[in-house]
Amino acid sequence: MPAKIENVFPTFICRGHLGDRTRRLNRELMREIAILPEIDKAGRQWSKENYAGGYSSYSSLTQLHHTSPYFAELEKLLRPYVRKFAERLNWDLLGRKLKMTTCWANSMGPSCHHTLHSHPLSVLSGVYYVYVPAQSSPFKIEDPRLPFMMNSPPRRADAPMNERNYITIKPRAGEFILFESWLRHEVPPHRGAKPRLSVSFNYEF
């Protein structure tokens, strides 16, 4: 009797581009992200200790979608994609709604990086790319099963992308990536001469 090989426990991400309408939005977001370090003393201090070579409002200004019309516009543009992704994940939200609860800005200078991590206390996370200069670092995600692969042989170099231990995604300005908050991810050192600008966010329900 023949055996059947099946694919189980898939991990999904949602990746898309918001189109030409982001050109104006990205210009405004770039302008605001350039101003934030000047007014955010706590963010500058946190970045000095935890985000060498860059700036992030991760620990200070974390609800930019409530304080800036341009970050609010981004949240509105993301809504249909968040809704569609949640449906694909077959989530039963028990009558509740997904809501963006935190939203912060990131500016990565040369050699700035973000180590492997997840986003606890939220269910859905994501990143939107405002400006991606040449030689920008990719977005890198880890196979969530990796800690349990005790004696598993390495994958071949030509293995399909969704079967590798790590996946790297080269972002573009105007593009977003959504993922479940437990999925570990990182940003390797930025090699570009100009800052790599992005907006990160979390959703709860």
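The present account deals with the structure reproduced in this document. Please read these numbers as outputs of a predicted model, since none were measured by experiment. (Residues numbered from 1 in each chain as written. Predicted model: local features only at pLDDT ≥ 70, side-chain atom pairs only at ≥ 80, totals over all residues. Heavy atoms only, no water.)

1. A closer look at helix H1 (residues 22–39)
Our working definition: Think of it this way: any DSSP run of H or I at least four residues long counts as a helix, any run of E at least two long counts as a strand, and we number them from the N terminus. For a helix, the expected span equals 1.5 Å multiplied by the number of residues minus one. Accessibility here uses a 1.4 Å probe with only protein chains present; expressed as a share of the type maximum, an area under 20% marks a residue as buried, one over 50% as exposed, and anything in between as partly exposed. Working note: the arc is built from the helix axis to C-beta atom directions.
Between the first and last C-alpha of H1 there are 25 Å, a value that for 18 residues agrees with the 26 Å anticipated at 1.5 Å per step. When we look at burial in H1, the residues that qualify are Thr-22, Leu-25, Asn-26, Leu-29, Glu-32, Ile-33 and Leu-36. For H1, the buried positions fall inside an angular range of 130° around the axis, keeping them on one side. Away from the buried face of H1 by more than 90 degrees, exposed residues Arg-23, Arg-27 and Glu-38 are located.

2. Quick look at the pattern of salt bridges
Spelled out, the test is: The working definition used for a salt bridge is a side-chain nitrogen of Lys or Arg within 4 Å of a carboxyl oxygen of Asp or Glu.
Tallied over the entire structure, the rule returns 10 salt bridges. Across the pair Glu-6 and Lys-4 runs a salt bridge whose closest N-O atoms are separated by 3.9 Å. With a closest N to O distance of 3.0 Å, Glu-75 and Arg-79 form a salt bridge. Here the residue Glu-75 and the residue Arg-79 both occupy positions in helix H4 (residues 69–88), the gap between them amounting to four residues, near one helical turn. Residue Arg-79 is classed as partly exposed on the basis of its relative accessible area of 43%.

3. Focus: the nonpolar core
Note the cut-off: Buried Ala, Val, Leu, Ile, Met, Phe, Trp, Tyr and Cys residues that are joined via side-chain atoms within 4.5 Å together make up what is termed a nonpolar core. Contact between two residues is taken to exist if any of their heavy atoms lie within 4.5 Å; hydrogens are not considered.
Membership of the largest hydrophobic core comes to 27 residues, with the highest contact counts inside it found for Phe-71, Tyr-128 and Phe-201. Those elements that place two or more of their residues in this core are H1, H4, strand E3 (99–108), strand E5 (124–131), strand E8 (175–180) and strand E10 (196–204). Looking at this core element by element, the count peaks at six residues for H4. Not counting chain neighbours up to four residues away, the residues in contact with Phe-201 comprise Leu-78, Met-100, Thr-102, Cys-103, Trp-104, Leu-124, Ser-125, Gly-126, Val-127, Tyr-128 and Leu-178. Among the nonpolar cores identified, the runner-up in size contains nine residues, and Ile-141, Ile-167, Ile-177 and Phe-179 belong to it.

4. Here's the deal with the pairing of strand E6 (residues 139–142)
Heads up, the rule is: DSSP-based pairing: two strands are paired if at least 2 bridges between them are found.
One ladder, built from four bridges, connects E6 with strand E7 (residues 166–169); its direction is antiparallel. In the strand pairing of E7, Lys-140 is matched with Thr-168. Relative to strand E9 (residues 185–187), E6 runs antiparallel, the two being bridged by two bridges. Following the sheet pairing, Ile-141 is matched in E9 by His-185.

Remember that the coordinates give geometry; whether it matters functionally is a separate question.
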